[in-house]
Amino acid sequence: MSSSSSTCGCGRALSPLEQGREEVNCSRELVVNVFVTERCNYHCAFCFSKWDPRVVAPETPLAEKKHMLDLLAQALLHNKDKDEIVPSVDYDRVRINFSGGEPLLYKDDCVALVEHARSLGFAVSITTNGLLLTNELIERLAPHLTKIGFSIDSLSASTNQNIGRCTGANTMSLADWQRCLNKLLSVNPNIKHKVNSVLGTYNLDEDFSGMLDALKPHKWTVVQLLPVFNKKLSISQAQLNQFVARHNSHKDVLICETNEDYRESFICISPDGRFFSNGKAVEVEEYQYSKRIVDVGVREAFSQIGFNHSSYIKRNNKCAKLTHY
């Protein structure tokens, strides 16, 4: 975008300050992904939510997680110099996305974290595999959520069994997802829902059109499996492109993210409260970690990991073009 442009890629009018910048965060939202736990009720063969046990403690108390959220709020919501924390990313709202593992394994703690984050002024979302999303839990969570992410890599029971997206014989069917969605919308009609699908050899030939037509997500993110987590299941860029082309009828909600799109373009916090980065994950097969936020503060911890603001903005702006999300 040239400095003379008066709108960003999604059509939003730019301020005079933004017009002088090469890249602008069109969505105006900063997303911080807080991984509540590494534990999961599934055992997916390609899971990327695995941290070095020599560095990352598997669990931290609820009080410590709340304190970390307090520090994030002070740094990202109430700090007049917030641009010094996340340089060159303009934003006017911050969303905490709770993920895992499976965050709903900690039902009461998860509700408490969501409520606390909302009380601090954050928008809040959750990413879940859905199996623990009961009506009772939906009634407790949904009023506080602005968005929810469904992890759906297949709707074939046999495929889910083969890749470990199951607990024993239990996995999520399309009817199960529809029940969850209907209940969520009955409690909070304003909640926006997205679907995340990690694409590998196991689901490359699957047609997701029926699921998309039934659930009508505001956003469908198709993620190329990162080969560091399972080289046997990884796919090429050409295979990814072919899959996307087959689902062109859903291009109004489809966001495709390649391995390169993912590099240093997320703000992520481990279960014990460290920022971590995947910048060198492919080369050295491990994450880069900061010290714990509660020990050194947000500014210092974030400065200790790799973050590419240009990649973050480019990836975020793909989402901004989905005007309904």
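Attention here is on the structure that accompanies the text. (Residues numbered from 1 in each chain as written. Predicted model: local features only at pLDDT ≥ 70, side-chain atom pairs only at ≥ 80, totals over all residues. Heavy atoms only, no water.)

Description of the pattern of salt bridges
- Tallying each qualifying case throughout the model produces 16 salt bridges.
- Taking the shortest distance from any N to any O, the salt bridge between Glu29 and Arg93 comes out at 3.9 Å. One end of the pair, Glu29, is in strand β1 (residues 29–35); the other, Arg93, is in strand β2 (residues 93–99), and 64 residues separate them in sequence.
- Glu29 sits in the buried class, given a relative accessible area of 9%.
- Exposure remark for Arg93: the relative accessible area of 39% places this residue in the partly exposed category.
- Because the salt bridges share partners, they merge into one network encompassing Arg28, Glu29, Asp92, Arg93, Arg95 and Lys147. (Salt bridge = Lys/Arg side-chain N within 4 Å of Asp/Glu carboxyl O. Helix = DSSP H or I, 4+ residues; strand = E, 2+ residues; numbered from the N terminus. Buried < 20%, exposed > 50% of the residue type's maximum accessible area, 1.4 Å probe, protein only.)

A few points about empty space enclosed by the protein
- Applying the stated criterion across every chain, the model contains four cavities of 30 Å³ or more.
- By volume, the largest cavity is sized at about 80 Å³.
- Along the walls of the largest cavity sit 13 residues, with Thr60, Lys65, Met68, Asp272 and Gly273 positioned nearest its centre.
- When contributions to the lining of the largest cavity are tallied by element, the ones reaching two or more residues are β1, α2 (62–76) and α11 (293–296).
- It is α2 that provides the largest number of residues to the lining of the largest cavity, a total of three residues.
- Residue classes in the lining of the largest cavity are distributed as six nonpolar, three polar and four charged. (1 Å grid on protein atoms, 1.4 Å probe; cavity = no way out; pocket = protein on both sides within 12 Å on 5 of 7 lines; lining within 4 Å. Points joined across faces, edges and corners; volume = space filled by probe spheres on them. Nonpolar A, V, L, I, M, F, W, Y, C, P; charged D, E, K, R; others polar.)

Re the pairing of strand β4 (residues 147–151)
- Among the five residues in β4, five count as buried, and that is most of the element.
- Residues of β4 alternate between two faces, with Lys147, Gly149 and Ser151 on one and Ile148 and Phe150 on the opposite face, all of them buried.
- In terms of strand pairing, strand β3 (residues 123–128) meets β4 through four bridges, oriented parallel. By the bridge assignment, Ser125 is partnered in β4 with Lys147.
- As a crossover connection, the stretch from β3 through helix α4 (residues 135–141) into β4 is right-handed.
- Sheet analysis places β4 next to strand β5 (residues 192–199), joined by five bridges and oriented parallel. In the strand pairing of β5, Gly149 is matched with Lys194. (Pairing = 2+ DSSP bridges. Right-handed = clockwise from strand over helix to strand, strands pointing away.)

Some remarks on the sheet that holds strand β6 (residues 219–224)
- Judged by pairing direction, the sheet is mixed, and its 10 strands sit side by side in the order β7-β6-β5-β4-β3-β2-β1-β8-β9-β10 without closing on themselves. Edge positions in the sheet fall to β7 (254–257) and β10 (288–292), since each of these pairs with one other strand and no more. Mean inter-strand twist for the sheet, computed between neighbouring axes without regard to direction, equals 25°.
- Here strand β8 (residues 267–269) pairs with strand β9 (residues 274–277) via two bridges, running antiparallel. Counted as the bridge partner of Ile269 is Phe275 from β9.
- The sheet contacts of α2 involve β1, β2, β8, β9 and β10, and relative to β2 the element is tilted by about 155°. (Axes fitted to C-alpha atoms, helices over the stretch in contact; angles between N-to-C directions. Contact = heavy atoms within 4.5 Å.)

Quick look at the nonpolar core
- One finds Leu72, Leu76, Phe98, Trp220 and Phe275 to be the most contacted residues of the largest nonpolar core, which totals 78 residues.
- In terms of residue count, α2 provides more of this core than any other element does, seven residues in total.
- Beyond its immediate chain neighbours, meaning those up to four positions away, Trp220 contacts Val195, Ser197, Phe208, Met211, Leu212, Phe243, His247, Val253, Leu254 and Ile255.
- Counting eight residues, the second largest nonpolar core, distinct from the first, contains Phe35, Trp51, Val56 and Phe276. (Core = buried A, V, L, I, M, F, W, Y, C linked by side-chain atoms within 4.5 Å.)

Let's talk about helix α3 (residues 107–120)
- With 14 residues, α3 should reach 20 Å at 1.5 Å per residue; the first-to-last C-alpha distance of 20 Å fits that figure.
- Within the span of α3, buried status applies to Cys110, Val111, Ala112, Leu113, Val114, His116, Ala117 and Leu120.
- Residues of α3 that are buried make contact with α2, β2, β3 and α4. (Expected span 1.5 Å × (residues − 1).)

Topic: the state of the cysteines
- Scanning the model with the defined rule gives zero disulfides in all.
- Note on Cys47: no disulfide assigned, nearest cysteine sulfur contributed by Cys44 at a separation of 6.3 Å.
- Relative accessible area serves as the criterion here: at 27%, Cys47 is assigned to the partly exposed category. (Disulfide = S-S within 2.5 Å.)

Considering the environment of Gln242
- Here Gln242 is to be found in helix α8 (residues 237–246).
- Classification of Gln242 by relative accessible area gives exposed; the value is 51%.

Some details on helix α6 (residues 174–187)
- With 14 residues, α6 should reach 20 Å at 1.5 Å per residue; the first-to-last C-alpha distance of 20 Å fits that figure.
- Taken together, the buried positions of α6 are Trp177, Cys180, Leu181, Lys183 and Leu184. The buried residues of α6 occupy an angular sector of 165° when the element is viewed end-on, so they sit on one face. Projecting away from the buried face of α6 at angles above 90 degrees are the exposed residues Ala175, Asn182 and Ser186. (Arc of directions from axis to C-beta.)

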